[in-house]
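Architecture and fold: a report
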Amino acid sequence: MPATILDGNKIAAAIRAEVAADVKTMSAADARPGLAVILVGNDPASEIYVRGKVKSSEEVGIYSEKHTPPASVTTEELLNLVADLNRRDEIDGILVQLPLPAQVDSKKVLLAVDPAKDVDGFHPTNVGFLSTQRPGLVPCTPAGVMEMLGRSGIKIAGQDAVIIGRSDIVGKPMAMLLLNANATVTVCHSKTRDLAEVCRRADVLVAAIGRSGMVTRDFVKPGATVIDVGMNRVTDPAEFARLFAGNTRREENFRAKGSTLVGDVHPEVAEVAGAITPVPGGVGPLTIAMLMANTVKAAKMRRGSKVPELSRV
Ligand code: NDP
């Protein structure tokens, strides 16, 4: 039986609707949540991401503003900008779009963001809150994965979860969230021995690697839930053929554009998995939806109101 497709667009729309309802209530009480995005320089990918974030804010009614210092900006100048945003009461969320230029001390800038406004959940204070199960702001992508699992009725407690990838923004917080939800968690990385064998133990397998179609069917226990966080642009025709030979829709698209967006999971996995996220249209849409949810959460926490967790996980 082919895997159930976990539709990220549908789940993200449901989250956005909940967020929009909250924003409406808060705005009526003169407490509209506000998000400030800092975009340094002219990196085309970063510009696209920021455009999506600003557009999404507008759609759910969150006030948003964009700050665009030039690529020549100094650490000092960015620290001043962050300090100003930290001070402004109407700003609930501050997002520094990464990567920052080489001359900027990125860690110093991220550390300067008030943890109460850290909607990316990267500040060590929020990392600590997550690992000690205190209320805080959780990185958007893994938080989105938890929403997807919870809202799709996928069991976590007592299940074996395997995560490939240990980055600070995806792999590690993903592991912590699954552990907090009572899964038995294994984290794999580039030095893991017998990777496919370890992955085959998983009831829930999360791939956050950054390598197109690396997870093949021999990594997957039949019936497992497979979450594909990867977003890789494939331009090499041979690699495209390895992944999509015979898929006429993708072939037409690849011929027209010269590239295609691919996850870390090979499409053949859909033949063995019980449920799987597509790329595009899986985890990606949830990341922005959770940024909106985090901004509202930050606004509520800053105003001292109790924040009900979105997730049913
Ligand atoms: P990083 O490059 O920071 O981390 C990749 C991780 O994968 C590392 O822990 C690395 O191990 C591990 N890894 C790399 N190669 C192998 C291998 N051959 N075998 C086992 N493990 C391996 O990436 P990110 O976590 O930032 O992102 C991962 C993917 O998710 C990317 O494709 C990215 O584009 C995508 N992404 C998608 C988002 C979304 O919204 N859908 C949001 C954020 C990221 P080691 O630590 O040993 O080097």
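Below is a summary of the structure that appears in this document. (Residues numbered from 1 in each chain as written. Predicted model: local features only at pLDDT ≥ 70, side-chain atom pairs only at ≥ 80, totals over all residues. Heavy atoms only, no water.)

**Structural notes on the pairing of strand 2 (residues 34-38)**
Counting buried positions along strand 2 yields 5 of 5 residues, so the element is predominantly enclosed. Here strand 2 shows no split at all, with Gly-34, Ala-36 and Ile-38 on one side and Leu-35 and Val-37 on the other all buried. Pairing between strand 2 and strand 3 (residues 63-67): 5 bridges, direction parallel. Residue pairing for strand 3: Ala-36 is matched across the bridge by Glu-65. Note on the crossover from strand 2 through helix 2 (residues 44-60) to strand 3: the handedness is right-handed. (Buried < 20%, exposed > 50% of the residue type's maximum accessible area, 1.4 Å probe, protein only. Helix = DSSP H or I, 4+ residues; strand = E, 2+ residues; numbered from the N terminus. Pairing = 2+ DSSP bridges. Right-handed = clockwise from strand over helix to strand, strands pointing away.)

**Remarks on the site of the ligand**
Taken together, 22 residues sit near the ligand, with Arg-166, Ser-167, Ser-190, Arg-211 and Thr-287 positioned nearest. Taking His-189, its main chain carries an N or O atom lying 3.5 Å from a nitrogen atom of the ligand. In isolation the ligand offers 930 Å² of accessible surface; the protein chains occlude 71% of this area. When residues in the shell around the ligand are grouped by element, the largest group, 3 residues, is from helix 11 (residues 283-302). Of the residues contributing to the shell around the ligand, the split by class is 10 nonpolar, 10 polar and 2 charged. (Near = heavy atom within 4 Å. Polar contact = N/O pair within 3.5 Å; in protein donor to acceptor, adjacent residues only side chain to side chain. Areas by Shrake-Rupley, 256 points an atom, 1.4 Å probe, with all protein chains shown as cover. Nonpolar A, V, L, I, M, F, W, Y, C, P; charged D, E, K, R; others polar.)

**Overview of the side chain of His-67**
As for its placement among the helices and strands, His-67 is situated in strand 3. Polar contacts involving the side chain of His-67 include one to the side chain of Glu-65, which spans 2.8 Å. When sequence neighbours within four positions are dropped, the list of residues in contact with His-67 reads Ala-36, Val-37, Ile-38, Leu-39, Leu-81, Leu-85 and Arg-88. (Contact = heavy atoms within 4.5 Å.)

**A look at the packing of aromatic side chains**
In this structure the tally under the stated criterion is 2 aromatic pairs. Geometrically, the ring pair formed by Phe-240 and Phe-244 is tilted, given 5.3 Å between the ring centres and 40° between the ring planes. With a gap of 4 residues between them, Phe-240 and Phe-244 both fall in helix 9 (residues 237-244), about one helical turn apart. Note on accessibility: Phe-240 and Phe-244 belong to one class, buried. Considering the side-chain rings of Phe-240 and Phe-254, the 4.1 Å spacing of their centres and the 10° angle between planes classify their relative orientation as stacked. Linking Phe-240 in helix 9 with Phe-254 in helix 10 (residues 248-257), this pair joins segments that are 14 residues apart in sequence. In this pair, the class of Phe-240 matches that of Phe-254, namely buried. (Phe/Tyr/Trp six-rings, centres within 6.5 Å; stacked < 30°, edge-to-face > 60°.)

Without other data, these values stay purely geometric and don't point to any function.
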